[in-house]
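Here are the chains, one letter per residue:
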Amino acid sequence: MTVLGYLANGLVFSSIIVLGSIGLSLVYSIADFANFAHGDTMTIGAYAALVTFGAVGGLGGAVLGLPYGFFLALVVGIAVAAVVAVGTEKLIYEPLDVDSIGLLITSIGIAFIYRAVIQIRFGSDFTRFGIQPLRPIESLVPYGVRVTLHDVAIVGSAVVLVGGLHVLLQYTDLGRKMRAMADNPDLARVSGIRTKRVKLWTWVIGAGLAGAGGVFLGLFNQLSPRMGFNLLLVIFAAVILGGIGSVYGAMAGGFLIGMINQLTPFFSNVVEALPIWPGWLAAIVRGLISIEYANAIAFVIMVVVLLVRPNGIAGEGAT
Amino acid sequence: MSRNSMDLTDRRTLLKLTGGAGVAALSGCLSTTDDGGDGSDGSDGGDGSDGGDGGDGSDGSDGGDGTDGDDGSDGGDTGPYQIGMVDSLTGSLSAFGERNQRGVDLALQRVNEVEIDGRELDLIVEDSESENQGGIAAAQKLVNQDGVPFLIGAVGSGVSLAIYESVVQDTDVVQLSQNSTGLNLTDFPGLLRMSPSGRSQSLALSNIISDDGYDEVAITYVNNDYGQSLTDAFVNAWEGDIAYNNPHDQEQQSYSGVISEMDSSGADAWLFITYQAEFATMVNEVYSSGYEAQFYGADSVSGDNVIENTPEGSMEGMKIVVPSAPVEEENYQSFADAFESEYDQQPTSWAAYAYDCVINAALAIQAADEFTGSALRDTVRRVSGPDGEEVTSFEAASQILADGGGPDDVDYQGVSGPIDFDENGDPVGFLQVLEVQDHAYEGIDFVEG
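As the structure is a computational prediction, the values presented were derived from the model and not from experiment.

Colleague: I'd like a description of the pattern of salt bridges, backed by residues and values.
Modeller: Inspection of the entire model under this criterion finds 13 salt bridges over all chains. Note that Glu292(B) and Arg135(A) form a salt bridge whose closest N and O atoms lie 3.2 Å from each other. Highlighted residues: Glu292(B) in the loop between helix 10 (276-289) and strand 9 (294-297) and Arg135(A) in the loop between helix 4 (100-122) and helix 5 (149-171), drawn from two different chains. Here Glu292(B) falls in the exposed class, since its relative accessible area comes to 59%. The residue Asp378(B) makes a salt bridge to Arg382(B) at a minimum N-O spacing of 2.8 Å. Separated by 4 residues within a single helix, Asp378(B) and Arg382(B) lie in helix 14 (residues 373-382), roughly one turn from each other.

Colleague: Let's hear about the environment of Met259(A): which residues, and what values?
Modeller: Residue and element names in this part refer to chain A. For methionine 259, the position within the fold is in helix 10 (residues 247-273). For methionine 259, a relative accessible area of 9% puts it in the buried group. On a C-alpha basis, the gap between methionine 259 and alanine 46 in space is 23 Å, while along the polypeptide they are 213 residues apart.

Colleague: Give me the lowdown on the packing of helix 10 of chain A against helix 12 (residues 294-308) of chain A, citing residues and values where you can.
Modeller: All names here are of chain A. Here helix 10 crosses helix 12 at 135°, and the two axes come no closer than 8 Å. With respect to helix 12, the axis of helix 10 lies oblique. Considering only the axes of helix 10 and helix 12, their crossing is right-handed. Facing helix 10, whose interface residues are Ile257, Ile260, Asn261 and Thr264, helix 12 presents Ala294, Asn295, Ile297, Ala298 and Ile301.

Colleague: Let's hear about the UniProt feature "transmembrane region" (unreviewed entry) in chain A: which residues, and what values?
Modeller: Residues annotated by UniProt as "transmembrane region" (unreviewed entry) correspond here to residues 7-31, 43-63, 70-88, 100-118, 152-171, 200-220, 232-260 and 280-308 of chain A. The span residues 100-118 of chain A shows a helical share of 100% and a strand share of 0%, and its end C-alpha atoms are spaced 27 Å apart.

Colleague: Residues and numbers for empty space enclosed by the protein, please.
Modeller: Here the structure, examined in full by the defined rule, presents 6 cavities of 30 Å³ or more. Of the pockets and cavities examined, the largest cavity occupies roughly 240 Å³. What lines the largest cavity is a set of 17 residues, among which Thr148(A), Asp151(A), Phe220(A), Glu285(B) and Ser288(B) lie closest to the centre. The greatest single-element share of the lining of the largest cavity, amounting to 4 residues, is contributed by helix 10 of chain B. When the residues that make up the lining of the largest cavity are grouped by side-chain class, the tally is 5 nonpolar, 8 polar and 4 charged.

Cut-offs used in this document
Residues numbered from 1 in each chain as written. Chains lettered and ligands numbered in written order. Predicted model: local features only at pLDDT ≥ 70, side-chain atom pairs only at ≥ 80, totals over all residues. Heavy atoms only, no water. Salt bridge = Lys/Arg side-chain N within 4 Å of Asp/Glu carboxyl O. Helix = DSSP H or I, 4+ residues; strand = E, 2+ residues; numbered from the N terminus. Buried < 20%, exposed > 50% of the residue type's maximum accessible area, 1.4 Å probe, protein only. Axes fitted to C-alpha atoms, helices over the stretch in contact; angles between N-to-C directions. Parallel < 35°, antiparallel > 145°, perpendicular 65-115°, else oblique. Left-handed = near helix turned anticlockwise from the far one by under 90°. Contact = heavy atoms within 4.5 Å. UniProt positions renumbered as here; feature names shortened; annotations may be inferred. 1 Å grid on protein atoms, 1.4 Å probe; cavity = no way out; pocket = protein on both sides within 12 Å on 5 of 7 lines; lining within 4 Å. Points joined across faces, edges and corners; volume = space filled by probe spheres on them. Nonpolar A, V, L, I, M, F, W, Y, C, P; charged D, E, K, R; others polar.

Encoded structure:
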């Protein structure tokens, strides 16, 4: 496989991580706690889409190898994830009068509840959307790029969603209010912004993006009750690498972590080819830069970046 | 500036908490590693050594006192013979426990229709909760309180080993595991088992791949005891080249790196020693990357969930080796018929193993001079060993013994295979080779381990 091929794989995987990490960072900046139920919110989105897709079917035509029904299911997945997150905020986080650490611990409990509910309804086994997997796009194979139309759809949809968020944050009234609130909630409130409402919208957007990420993760790989939770550590790494609380940082962090994860085989090829001296050092390096440590390598890079820039890539700039 | 430093401390606590929670999350992963659920999972044997702290040596030898008390037979020579069984009635391996119990009930019926020298066989079943501690507690209860000289148990290899090391070793009690396939059980000759060792799978795979004409293979295995031990056994048996041999972690969201490396290794035969979910992900990624290779797999990659969640034709021609009862043999078929009329479903080989455990135990009791561990230890191997007349039912074997035959005059052929424990306490395993044809598993061959 060529560098281009690894980069393409990395792009697809990054898209999913970016969708997950934006929501996590957004909620952190405005609701002010690290939401450990975020991964399971992704799972909820994925399973909501599974149910919808099972109910509505393909709906005739298809675009990018995906039936129209799947896009409807995607929207439902996003909506359900948002509704569940807002419901949780209203029922649990808001009435709960504890500090951010208390909320963090609570969210771990919430994560278990989400997962248990899904497990009760769908069992613990894995499943897939009833969509026929595709072969790679023929015209790209000579370049060593082996991606399917589905992968293109994942990247495309992620770009649309992330672009939409950018427009929302920069050019709309709500976006300005959100940025104001992330910067200084008290000042925002004093200047007449209804912070509670902004907070709810934050949950809607954050959880909605997570839901979309979950649906794409299900399409990319498979659905299982632990799918979101298994990705959560990587998402946290992405968010912290980017600078927690910063949406653009989360995008950059998600992109980097996804890329590093998928590029590990390429790195090991490079290390293989490098004339490292002395020999024992080469052996150690080659042993460490290996596919089985893909996640560990991503985390090491995260630590290195944090040593240089303690506040992450996006520095201390909020939102 | 003050805001900035506040920000920093916030971040610091967050990082700490994330780390802590991460550890918690990881430990969560560890515990679920065991619910992978299939037979070979039982072989997460590394845990076994933990068992040591559960019951110390002295407890074990107390067990010896319990057994020579002959309490069971004191109840008059007409009372039932009492033996014990540790099974996974609850916990991550409870599906196996359920299968075992069906086989056990059927076997007890068979034995008690004929009776052992006019006495019934009574099996006390205790739950291991599929955990080492639960297994040790159950075994201690059976050995020390009930004083059973013969213990069937357990399912998971780790649990079997924990029981052996902390309860059975240094006593006269005979332990016969019904379902453990872990390779390391071979190192304990005193611990018998009815299900074949994973090693026989590795040997069979190595033979099949070279018979198919490949001299180069790429292997990926799940990063735990099970994957490692099967792979090591394969590598030892394999005489060709190994182009790629790397582990992968469980529950990753993508294995495209692994499969692209396997592809670039140049080998045309790919061997997967992993679990169903991971394997299904890999197959889908191989399919959507357009790679072509001949697949081989250990039993843990087969399952209906894999078939359902992979595209048609993506695994065509794949060969998988699974522990199996010799389903074409007559005695298995009569067992299957009886099983079906009783439970309205096909038996699994795990039920057959449990069935044979009980029959083998009953024959050992009948052949022994007295109902003690040391006497049973002598007969348990001989009644099903290669010497003597081959018989396929308890009734026939019991008849030979009743007519004055010794343990060496009988060779009980189990429904799960010929048994014939070797010097390490492992049976001659029976393996079935499955091939994926038209996206379904078809049995194409049987091999003896």
